[in-house]
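Summary of structural features
These are the residues of each chain, in order.
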Amino acid sequence: MDTSSLDVRFYPIETNKRAKGNSYTVRWKVSHKKHSKTYKKSAVADDERSKLLAAHRKRELFDIETGRPISWTSKVAEVNWYDFAVEYVDWKWPRASGNTRKNMAKALTPAKIALLRTSPPAYFEPVEVRRALREYAFNVNRRTDPDRPVPAEVQTILDWIQRNALPMSTWEKTERVDKVVTALGLLDGTAAAASSVTRNDRIMNLVMGYAIRHNYLKSNPLPKGKGERTAPKVAQAIDKRCLLNRDLVAKMLDWIGRRPDEIHWDRLGTALHLPEPPSEPIPAAHRP
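The model shown is predicted, which means the values in this text are computed figures rather than measured ones.

Along the protein chain, the regular secondary structure elements total ten helices and ten strands. For the protein chain, with 288 residues in total, the buried portion stands at 36%. Across the protein chain, the fraction of contacts at a sequence separation of at least 24, relative to all contacts at a separation of at least 6, is 60%. Carbon and sulfur atoms make up 52% of the accessible area of the protein chain, which amounts to about 18,300 Å² in all.

Right under this line is the structure:
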């Protein structure tokens, strides 16, 4: 199947009127696939459209998937997202702490799954797909251990993912980036905690920074500022009704302090006597 084409059609720039200011959308079609990109300034949109037109006049081939001239995406078209993610992990691993390594794998795993050409086949359990990525693809020690090779069933999953990974140029498509942003905000299908979303956001921005420095991407495609990728804030207030007062804390500590001397055991290790609890009961929420 052809992945590039000379059949390119351009449409007039569309003006999107909004309360916070107009935006401008460049639209074009490569073969059967439509593409668009929106800009905040009309001059930028016009400049982008002019560059695309110039490439078309030169009879340059356009990539059907990304809508960009092949010459613009020569490097990103050659490298897929899976290979790039593994490259990044290999680069980051030697200088990263154990906790950083774990969080890096947790962030890259959903981002990787979100950028596949097709969903994993039904005979791959979703939990096993995530495990293969998190514990092997994004774990240098396990992936490269000569004494303990990657299990065959795990390698089968990773080989399939590598074959079906989209190219790095996919990051230039807004709808694909939106899928990644959504995936980073979920944990096993439910909304992740605000701290997890913030951590994933920070890690993925570092990954994008590496991609820009090594000429895989021209700019960071992730949304800027606070938006849909930010999880709802968790209330920090504490219900004072659940707290112990000073007298109860003192009685509880005194009771705990007396326990070792007041417990007697028989030969089988059975407690024969336990100290009496404080006369004033401890709230149920704070009982062991």
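What follows covers the packing of helix α3 (residues 81-92) against helix α4 (residues 98-114). With their axes 11 Å apart at the nearest point, α3 and α4 run at an angle of 175 degrees to one another. If you check the angle between α3 and α4, you find them roughly antiparallel. In this structure, α3 uses Trp81, Tyr82, Ala85, Tyr88, Val89 and Lys92 to contact α4, whose residues at the interface are Met104, Leu108, Ala111 and Lys112. For the contact of α3 with α4, the class distribution of residues is eight nonpolar, no polar and two charged.

Moving on, we get to the pattern of salt bridges. Under the criterion given, the structure shown has ten salt bridges. Across the salt bridge formed by Glu14 and Arg27, the nearest N and O atoms sit 3.1 Å from each other. Here Glu14, found in strand β3 (residues 14-16), pairs with Arg27, found in strand β4 (residues 23-30); they are 13 residues apart in sequence, far enough to count as distant. What makes Glu14 partly exposed here is its relative accessible area of 35%. A salt bridge links Glu135 to Arg134; the nearest nitrogen and oxygen atoms lie 3.7 Å apart. A relative accessible area of 23% places Glu135 in the partly exposed class. Classification of Arg134 as partly exposed rests on a relative accessible area of 31%. In the salt-bridge network here, residues are joined through shared partners; they are Glu128, Arg131, Arg134, Glu135 and Arg142.

Bringing helix α5 (residues 126-137) into the picture now. Between its first and last C-alpha atoms α5 spans 15 Å; for twelve residues at 1.5 Å apiece the expected length is 16 Å, and the two agree. Looking only at α5, the buried set comprises Val129, Ala132, Leu133, Tyr136 and Ala137. The buried residues of α5 all sit within an arc of 115 degrees when viewed along its axis, so they share a single face. Structurally, α5 contributes buried residues whose contacts are with α3, α4, α6 (140-143) and α7 (152-164).

Moving on, we come to the side chain of Asn16. In this fold, Asn16 is placed in strand β3. Among the polar contacts made by the side chain of Asn16, one reaches the side chain of Thr25 at a distance of 2.8 Å. Setting aside anything within four residues of it in sequence, one finds Asn16 in contact with Gly21, Asn22, Ser23, Tyr24, Thr25 and Thr38.

Checked against the element boundaries, Ala105 lands in helix α4. Of the residues examined, Ala105 reaches a relative accessible area of 3% and is grouped as buried.

Reading the values: rules and limits
Numbers given to residues run from 1 along each chain, matching the order in which its sequence is written. For this predicted model, a pLDDT threshold of at least 70 governs which residues receive local features, and a threshold of 80 or more governs which side-chain atom pairs are given and counted, while totals over whole chains, interfaces and linings are taken from all residues. In computing side-chain properties, one takes all heavy atoms of the structure into account and sets aside hydrogens as well as water. A run of H or I in DSSP becomes a helix once it reaches four residues, and a run of E becomes a strand once it reaches two; helices and strands are each numbered from the N terminus. Only protein chains enter the accessibility calculation, which uses a 1.4 Å probe; a residue is then buried when its area is under 20% of its type maximum, exposed when over 50%, and partly exposed in between. By definition in these notes, contact holds between two residues if any of their heavy atoms fall within 4.5 Å. Methods summary: accessible areas were calculated by the Shrake-Rupley approach with a probe of 1.4 Å, and residue burial reflects only the protein chains presented. Axis definition: a line fitted to C-alpha atoms, limited for helices to the stretch in contact. Angles are taken between N-to-C directions and run from 0 to 180 degrees. Geometric relationships in this document are graded by angle, where less than 35 degrees denotes roughly parallel, more than 145 denotes roughly antiparallel, 65 to 115 denotes roughly perpendicular, and other angles denote oblique. Following the grouping adopted for this structure description, the nonpolar residues are Ala, Val, Leu, Ile, Met, Phe, Trp, Tyr, Cys and Pro, the charged ones are Asp, Glu, Lys and Arg, and the polar ones are all others, Gly among them. One side-chain nitrogen of Lys or Arg within 4 Å of one carboxyl oxygen of Asp or Glu is enough to make a salt bridge. The span expected for a helix works out to 1.5 Å for each residue beyond the first. As used here, the arc belongs to the directions running from the helix axis to the C-beta atoms. N or O atoms closer than or at 3.5 Å make up a polar contact, with two conditions inside protein: a donor-capable atom paired with an acceptor-capable one, and, for residues adjacent in sequence, both atoms drawn from side chains.

As far as function goes, none of this settles anything; it's purely spatial.
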